[in-house]
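Fold and contact review
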Amino acid sequence: MTKFIFITGGVVSSLGKGIVSSSIASLLSLSNFKVRVRKLDPYLNIDPGTMNPSQHGEVFVTDDGAETDMDLGHYERFTGIIAKKNDNITTGKIYSEVLKKERKGDYLGSTVQVIPHVTDEIKSFIKRDLKKEDYVICEIGGTVGDIESLPFLEAIRQLRNELGKKATYFIHLTLVPYLSASNEFKTKPTQHSVKELLGLGIQPDLLLCRTEKAFGDEARKKISQFCNLLFDSVIMVENANIIYEVPVKLNSQGILKQLYNHFGVKKIPKLNQKPWKLFINKFNNLKKEVDVTIVGKYTNLSESYKSLNEALFHSGIKNNIKVNVKWLDSRLFEDYSKSKKILSNTNGILVPGGFGKDGSIGKEYAIRVARKMKIPFLGICFGMQLSILESVKSLKGFEKASSTEFGNTTLPIISMLHEWTKDKEILKHDKQNLGGSMRLGAYVSKLKKNSKIFQIYRKYEIKERHRHRYEVNYNFIDIIEKSGISVTGFSPDGKLVEIVERIDHPWFIGVQFHPELKSTPFNPHPIFNSFIDALIKFKNEKN
Ligand code: GLN
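Residues numbered from 1 in each chain as written. Predicted model: local features only at pLDDT ≥ 70, side-chain atom pairs only at ≥ 80, totals over all residues. Heavy atoms only, no water.

A look at the pattern of salt bridges
Working definition: two side chains of opposite charge can pair if their charged atoms are close together. Convention followed: What counts as a salt bridge is simple: a side-chain nitrogen of Lys or Arg found within 4 Å of a carboxyl oxygen of Asp or Glu. Per the convention used, a helix needs a DSSP run of H or I reaching at least four residues, while a strand needs a run of E reaching at least two, with both numbered from the N terminus. Working definition: with a 1.4 Å probe on protein chains only, accessible area under 20% of the residue-type maximum means buried, over 50% means exposed, and in between means partly exposed.
Summed over the entire model, instances satisfying the criterion amount to 34 salt bridges. In this structure, Lys123 engages Glu162 in a salt bridge whose closest nitrogen and oxygen atoms are separated by 2.5 Å. With a gap of 39 residues between them, Lys123 in helix α5 (residues 114–127) and Glu162 in helix α6 (residues 150–163) connect regions that are remote in the sequence. On the basis of relative accessible area, Lys123 is assigned to the buried category, the value being 7%. What makes Glu162 partly exposed here is its relative accessible area of 47%. One salt-bridge network, held together by shared partners, links Arg36, Arg38, Asp87, Asp129, Lys131 and Glu133.

Structural data, given as structure tokens:
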């Protein structure tokens, strides 16, 4: 029987519900259980695809082509379990399903209401597309007390009633603030948050208390008494140096024991914590460091490029080096000599995915610096497209090379598929439905044998995740290659450019996909492993 673990948050937002959900999932999966992690988001957007990443963080893309909440990235990184479209739902999607059914007449004349119609839809989502999982962990977005999350909380309350106590478990994450003036930990916000939940008919089975530092038994006892919980069911989540310490920290406080007790698990499986311990040990023993400069637009919030930060970190650990990531807003330097001055001391330059003309000139200058000064360079998605533009523009007569993303152009080196005309004929490509819409999810690329990228993957065929509207226009392949760029990865039909490299450069790679989405601590991505290795070599040669 599949068991459901629901994780809610209280007191304030940003306590790290995604990380604790991922950590619990990791502990269960390292105990050999079959686990699935899901996120229920209370906002009204159908998915986060249209949201500005500086507001809501990165848009995570799944293999099956869904644009999802960034927490799904944490789930994958902590567990290695590939997330699916059906693992993320928003209020917007729930309502759109309900309204679709209403128009179809599925409700047979009844008045359509939040209870039961919306809550039924939420429950059916929670139970949908499961394949005999032992545990399904459902993180409820938002903070208890928000108007938006009420239908979700009502739905999980109903599920407890329907499936029974032995198949459901409620975890509530709260904050226990420390007041330095009086040298005390305050339990009142937690008490209030639990009271709020109780008012909605949910008694938490376990409390996770975020705290700056460990608090004593007294505070724990107080929380357990006032919140109607066993002492052992009040667990501290102390601040950690890195998020990857959380699984081991949670385990050290007996969280699994509490879970197993509740569910009546008789045969307790062995938990293999070794991979986390090794990883943390490597992190604690890093001695050297390298710098990488990421030139982007949403530089005000590193959450906008969460997976990228993590991927660089994973590969740093793999290479036994601390990677110092410096963020640079490309809008600040739209001039070559200025960018040269800013970037000449870095060990590597990375231009990540992005959208729009704004800031693109600064990114191109950064790429020029990397090309001319032979600084290791990785261009991801938009970064690859700009690296091609930068290169072609340096050829006489091609200074106007552009992307149709920036407006009309006579040299549409980068353009949408339906704009790829040759002698006024639209070039045909296998995937006809791509014109104007995003290429989303995992696609196969074929790699050229004598290439750096082949040395990196050691495979002829790879599958990586995409999220872009524009493509390198196949009609300009000759001129692109003439500018010094070699195309070393293509779509299987040979029409879409997936990977480029510079032949006159020690490490200069551009990829149309997002390798960062597939990097995990236990399985860091080969492109980032090689990039970090190149940064180390570059730094050592310079010194
Ligand atoms: N703006 C570009 C496109 O839509 C690149 C997108 C990205 O970097 N994710 O093709």
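After presenting the structure, the write-up continues.
Quick word on the environment of Arg458
Within the secondary structure layout, Arg458 lies in the loop between α16 (452–457) and β21 (461–468). Owing to a relative accessible area of 62%, Arg458 belongs among the exposed residues under this scheme. When the C-alpha positions of Arg458 and Val61 are compared, they lie 25 Å apart, and in sequence the two are 397 residues distant.

So, the sheet that holds β21
Put simply, the rule is: Here the rule is simple: two strands pair whenever DSSP picks up at least two bridges between them. Note on geometry: axes are lines fitted to C-alpha atoms, helical ones only across the stretch in contact, with angles between N-to-C directions running from 0 to 180 degrees.
Here we have nine strands laid out as an open sheet, ordered β13-β12-β14-β15-β25-β24-β23-β20-β21, and mixed in their pairing. Edge strands, defined here as strands with exactly one partner in the open sheet, are β13 (322–329) and β21. Averaged over all neighbouring strand pairs, the angle between strand axes comes to 30°, with direction disregarded.

Here we look at the side chain of Thr2
This is how the line gets drawn: The term polar contact refers here to a pair of N or O atoms within 3.5 Å; inside protein, the definition further demands a hydrogen-donor-capable atom paired with an acceptor-capable atom, and it admits residues adjacent in sequence only when both atoms are side-chain atoms. In what follows, a contact means two residues having at least one pair of non-hydrogen atoms within 4.5 Å.
With respect to the helices, strands and loops of the structure, Thr2 is situated in the segment before β1 (3–9). In this structure the side chain of Thr2 is engaged in a polar contact, spanning 2.7 Å, whose partner is the backbone oxygen of Glu133. Apart from the residues within four sequence positions on either side, Thr2 is in contact with Leu130, Lys132, Glu133, Asp134, Val136 and Ala167.

Here we look at the packing of aromatic side chains
We count it as follows: Between the rings of Phe, Tyr and Trp (Trp by its six-membered ring), a pair exists once the centres lie within 6.5 Å; its type follows the angle of the planes, with under 30 degrees stacked, over 60 edge-to-face, and the other angles tilted. We count a charge as sitting over a ring when the NZ of a lysine or the CZ of an arginine lies within 6 Å of the ring centre and within 35 degrees of the ring normal.
Under the definition given, this model contains 22 aromatic pairs. Between Tyr178 and Phe185, the aromatic rings sit 5.0 Å apart at their centres with planes inclined by 45°, giving tilted as the arrangement. Put simply, the rings of Phe78, Tyr244, Trp276, Phe279, Phe283, Phe313 and Phe522 touch in pairs and so form one group of aromatic residues. Here Arg38 stacks its cationic end above the ring of Phe125, 5.4 Å away from the centre of that ring. When the ring centre of Tyr443 is taken as reference, the NZ or CZ atom of Arg439 above it lies at 5.0 Å.

Quick look at the nonpolar core
Going by this rule: Buried residues of nine kinds, namely Ala, Val, Leu, Ile, Met, Phe, Trp, Tyr and Cys, make up a nonpolar core once their side-chain atoms join them within 4.5 Å.
Counting residues in hydrophobic clusters, the biggest one holds 46 residues, and the most contacted among them are Ile5, Ile24, Leu28, Ile137, Leu208 and Leu250. Ranked by the residues each element gives to this core, the list is headed by helix α1 (residues 17–29), at six residues. Every residue in contact with Leu208, bar those within four places of it in the chain, is listed here: Val20, Ile24, Ile171, His172, Leu173, Thr174, Ile235, Val237, Leu250 and Ile255. Listed in part, the 38 residues of the second largest apolar core include Val295, Ala370, Phe406 and Phe490.

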